[in-house]
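Residues per chain, in single letters:
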Amino acid sequence: MSLAQIKTAVGQLTPQEFTELAEFMERADKSAWDREIEADFSPGGRLQPMLAAVDRQIDAGQSTPLP
């Protein structure tokens, strides 16, 4: 099914079906975001070097604790 077909089908949903779809899409989006964050900060992830740099700054005393 193409994106254009999906858009057409969404336009034909009842208000209740549209609400259900919106809730489903929100849950799917949050799950995808959680997986992306987990992958980014896992060993070998794209944000691992940044996390290591922050850890080095903390270890060197170059940070201020939050109140």
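Right above here is the structure, for reference.
Residues numbered from 1 in each chain as written. Predicted model: local features only at pLDDT ≥ 70, side-chain atom pairs only at ≥ 80, totals over all residues. Heavy atoms only, no water.

Caption draft 1: Region of interest: the overall build of the protein chain. Summing up its helical and strand segments, the protein chain has 3 helices and 0 strands in all. Once the C-alpha set of the protein chain is aligned to its principal axes, its extents read approximately 60 × 30 × 15 Å. Counting only residues that meet the buried cut, the protein chain has 4% of its 67 residues in that class. For the protein chain, the computed accessible surface area is about 5,900 Å², with 60% contributed by carbon and sulfur atoms. Each charge sign in the protein chain was given a centre, from 6 positive and 11 negative side chains, and these centres are 5 Å apart. (Helix = DSSP H or I, 4+ residues; strand = E, 2+ residues; numbered from the N terminus. Buried < 20%, exposed > 50% of the residue type's maximum accessible area, 1.4 Å probe, protein only. Areas by Shrake-Rupley, 256 points an atom, 1.4 Å probe, with all protein chains shown as cover. Lys, Arg positive; Asp, Glu negative; His and termini not counted. Charge placed at Lys NZ, Arg CZ, Asp CG, Glu CD.)

Caption draft 2: Expanded view of a nonpolar patch on the surface. Taken together, the side chains of Trp33, Ile37, Phe41, Met50, Leu51, Val54 and Ile58 define a hydrophobic patch exposed on the protein surface, amounting to about 610 Å² of accessible area. Per element, the largest residue contribution to the nonpolar patch is 4 residues, and it comes from helix H3 (residues 48-59). With respect to the secondary-structure elements, Met50 resides in helix H3. According to the relative accessible area criterion, Met50 is partly exposed, its value standing at 48%. (Patch = residues over 30% accessible without salt bridge, like charges linked within 9 Å, V, L, I, M, F, W, Y side chains within 5 Å. Salt bridge = Lys/Arg side-chain N within 4 Å of Asp/Glu carboxyl O.)

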